[in-house]
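Residue-level structure breakdown
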Amino acid sequence: MSKKLFIKTWGCQMNVYDSARMADVLAPLGYRPVEEPEGADMVILNTCHIREKASEKVFSDLGRLRGLKDRKAAEGDGRMIVAVAGCVAQAEGEEILARMPHVDMVFGPQNYHTLPEMVARVTRAAGSVLNTDFPAESKFDFLPEEEGAQGVAAFLAVQEGCDKFCTFCVVPYTRGAEFSRPAAQVLAEARRMVAAGTAEITLLGQNVNAWHGDGPDGSSWGLGRLIRELAEIDGLARIRYTTSHPRDMDEDLIRAHAEVPQLMPYLHLPVQSGSDRILAAMNRKHTADDYRRVIDRLRAAKPDLALSGDFIVGFPGETDADFAETLRLVTDVGYAQAYTFKYSPRPGTPASVDGGQLSEEVKGARLEALQQLIAAQQIAFNQGFVGRTVPVLFDRRGKQDGQLLGRSPWMQSVYVQGNDRLFGRMVEVRIDAAYSNSLTGAVVTGEWTSGAPYTGSAPHSGNTHTGNQGIEVEALA
Ligand code: SAH
Ligand code: SF4
Ligand code: F3S
């Protein structure tokens, strides 16, 4: 008999990927995903520990789940297994079990391949399972193949963990040491995904550009080489990767941006601060000018590259002058979009015990100033696309009837009114309006044949869009 599985996911794309893999592990046990926790036979909260707010939500959700679990039992509908996974589980496993006795399983990001054993243990006996030791084996060697189609745009984890130990960050503690999946394993998974209909793959890792592996000939590969190999897969139209660290941006990867047409002209490259003093205190091991130089090399290779970043304001000891350096860096670089965060002291990290903690007021004011600057850059970037025609891969349906939502090569969300037949396809869209977070447009002439590489350029590179040349276009009528 089929059992109901509800998974709620917080945090980064890696957690989204992990949730999909957890569902794959549980499928042979009869668990099928459902949309609501009510009446579910298993509820997994896949959690994020990165900032205080993200962590707190877990405990309030667990409180609510207790009611659902009790009701299910009272109705004679069997037991609801409540599980906490992800980075809060890894960091606070024992505390969760102590505070929340109705939780049955707590396991970390490197342990979910053992779900069948954990389920067997909690169903055999009363009591709970805590599984947060970092295992010697790689979970990737034990995970089953993906269940069915992963979607037209999908994630593929290639690297996990972090050895960088930025002083504000919990990730090295929650995800463990840097690990790269073997190239052959990654390529096999990508081929299966494309065979099942995926046209765009985003390679994932906490430090994805630190990925390294051995090629079949024994030579050492970096991420640039892996991307070139992926680009050989017929039907894989788009490749992206996230998140990168400025120090791991090597020459071959930069060249791949110039040479691999399937590699999309968008890069998320966090810098956190523009002040060398703060960057040193953060243990980023690069200066603001190091970052500027990396950006220059990337833009020399790919002039239309859209850049995104992460910024932390209000790091302990950050002065007005430090913050001004951050604004200056943002002005110099010019972002297509960026994520901004108030510094959040995290348990166990060096910066959390630093004496120079700043007030909420200071953090709030700086956040607002930075967000204003970035919003202006974002809207200017998007406005440059009005009147242009860009290829859009429609991977979602909008909230309104007949609305389709997809991404441009530069990662912008593009909305159109269109026939549902376009869902899952790459289509030319003429952009008619730009907003700070999206574009709207209308479908034009024809459809991109899935698998055809996109070779156009962004508006500000000065070239007109030439993506159609030499590519078979399927008529829509
Ligand atoms: N591995 C990636 C990002 C990991 S976390 C990298 O190295 O860039 C995603 C973002 O969350 C970080 O880039 C940082 O901007 C933010 N972040 C991490 N810890 C934080 C903290 N303690 N307070 C506020 N923001 C934080
Ligand atoms: Fe965290 Fe720094 Fe590692 Fe990124 S590089 S995951 S910010 S420690
Ligand atoms: Fe959060 Fe863990 Fe990702 S802390 S951001 S879910 S690596």
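Note that the structure is predicted; figures quoted are calculated from it, not measured. (Residues numbered from 1 in each chain as written. Chains lettered and ligands numbered in written order. Predicted model: local features only at pLDDT ≥ 70, side-chain atom pairs only at ≥ 80, totals over all residues. Heavy atoms only, no water.)

Along its sequence, the chain is organised into domain 1 (3–131), domain 2 (148–264) and domain 3 (389–459). Computed from C-alpha coordinates alone, the two centres of domain 1 and domain 2 are separated by 28 Å. Listed per partner, the contact involves 15 residues of domain 1 and 18 residues of domain 2. Note on domain 1 versus domain 2: buried area summed over both sides is about 1,300 Å², and carbon and sulfur give 59% of it. Counting the surface domain 1 buries against domain 2, the share from its top three residues, Q13, M14 and Y17, is 45%. For the interface between domain 1 and domain 2, the tally reads one salt bridge. Residue D18 is joined to R175 by a salt bridge in which the shortest nitrogen-to-oxygen separation is 2.8 Å. For the pair domain 1 and domain 2, the interface holds seven residue pairs in polar contact (both at pLDDT 80 or more). Within the residue set of the side of domain 1 that touches domain 2, elements represented by two or more residues are α1 (13–26) and α3 (86–99). Among the elements that line the side of domain 1 that touches domain 2, the one with the most residues is α1, at seven residues. Classifying every residue of the side of domain 1 that touches domain 2 by side-chain character gives eight nonpolar, five polar and two charged. (Domains from an automatic or database assignment. Contact = heavy atoms within 4.5 Å. Buried area = accessible area lost by both parts, 1.4 Å probe. Salt bridge = Lys/Arg side-chain N within 4 Å of Asp/Glu carboxyl O. Polar contact = N/O pair within 3.5 Å; in protein donor to acceptor, adjacent residues only side chain to side chain. Helix = DSSP H or I, 4+ residues; strand = E, 2+ residues; numbered from the N terminus. Nonpolar A, V, L, I, M, F, W, Y, C, P; charged D, E, K, R; others polar.)

On to the site of ligand 2. Around ligand 2 lies a shell formed by C162, K164, F165, C166, F168, C169, V171, P172, N207, H245 and R284. Partitioned by chemical class, the residues of the shell around ligand 2 number seven nonpolar, two polar and two charged. (Near = heavy atom within 4 Å.)

Looking now at the side chain of Q377. Within the element layout of this structure, Q377 appears in helix α12 (residues 360–383). Contact partners of Q377, with chain neighbours within four places excluded, come to V330, T331, G334 and Y335.

The largest bend along α3 reaches roughly 90 degrees and is located at E92. Every buried residue of α3 is listed here: G86, C87, V88, A89, Q90, E92, G93, I96 and L97. Tucked inside the fold, the buried residues of α3 contact β3 (42–47), α2 (52–74), β4 (81–85), β5 (105–107), β6 (129–131) and α5 (171–174). (Bend = angle between axes of the 7 residues up to and from the residue. Buried < 20%, exposed > 50% of the residue type's maximum accessible area, 1.4 Å probe, protein only.)

Summarising the element assignment, L45 is placed in strand β3. Separated by 37 residues in sequence, L45 and K8 place their C-alpha atoms 5.0 Å apart. Setting aside chain neighbours within four positions, we find L45 in contact with K8, W10, V58, D61, L62, L65, A83, V84 and A85.

Around ligand 3, the surrounding shell consists of C12, N15, T47, C48, H49, I50, C87, R175 and Q206. For the shell around ligand 3, the per-class residue count stands at four nonpolar, four polar and one charged.

Here we come to the pattern of salt bridges. Counting across every chain of the model gives 36 salt bridges. R240 serves as the salt-bridge partner of E200, at 2.9 Å between the closest nitrogen and oxygen. In this pair, E200 is assigned in strand β10 (residues 200–204) and R240 in strand β13 (residues 238–242), connecting sequence segments 40 residues apart. Taken individually, E200 and R240 each receive the classification buried, so the pair is uniform in this respect. For K342, the salt bridge identified is with E360, shortest N-O distance 3.0 Å. On the criterion of sequence distance, the pair formed by K342 in strand β16 (residues 337–342) and E360 in helix α12 is long-range, its members being 18 residues apart. Within this structure, D18, K139, E160 and R175 form a network of salt bridges that share partners.

In a regular helix each residue adds 1.5 Å, so 24 residues correspond to 34 Å; α12 covers 34 Å between its end C-alpha atoms and thus fits that length. What α12 keeps buried is the set K363, R366, L367, L370, I374, Q377, Q378, F381 and N382. (Expected span 1.5 Å × (residues − 1).)

Here we come to the sheet that holds β3. The six strands lie next to each other as β2-β1-β3-β4-β5-β6, forming an open sheet whose pairing is parallel. Of all the strands in the sheet, just β2 (31–33) and β6 have a single pairing partner and so form its edges. Taken over all neighbouring pairs, the strand axes of this sheet differ in orientation by 20 degrees on average, direction set aside. Pairing of strand β1 (residues 3–9) with β2, which is carried by three bridges, proceeds in the parallel orientation. Looking at the pairing, L5 lines up with P33 of β2. (Pairing = 2+ DSSP bridges. Axes fitted to C-alpha atoms, helices over the stretch in contact; angles between N-to-C directions.)

Another point: the sheet that holds strand β7 (residues 153–157). Here three strands make up an open sheet; going across it, the order is β7-β10-β13 and the pairing parallel. Two strands lie at the open edges of the sheet, namely β7 and β13, each paired on one side alone. Across this sheet, the average inter-strand angle for adjacent strands is 25 degrees, counted without regard to direction. For β7 and β10, the ladder comprises five bridges, and the chain directions are parallel. Across the sheet, residue A153 finds its bridge partner in β10, namely E200. Contacting β10 and β13, helix α7 (residues 223–230) crosses the sheet at an angle of about 155 degrees to β13.

Of the strand pairs in this sheet, strand β15 (residues 306–313) and β16 are connected by six bridges, and their pairing is parallel. Paired with D310 across the bridge in β16 is Y339. Regarding topology, helix α11 (residues 320–333) serves as the crossover connection from β15 to the parallel β16, and that connection is right-handed. (Right-handed = clockwise from strand over helix to strand, strands pointing away.)

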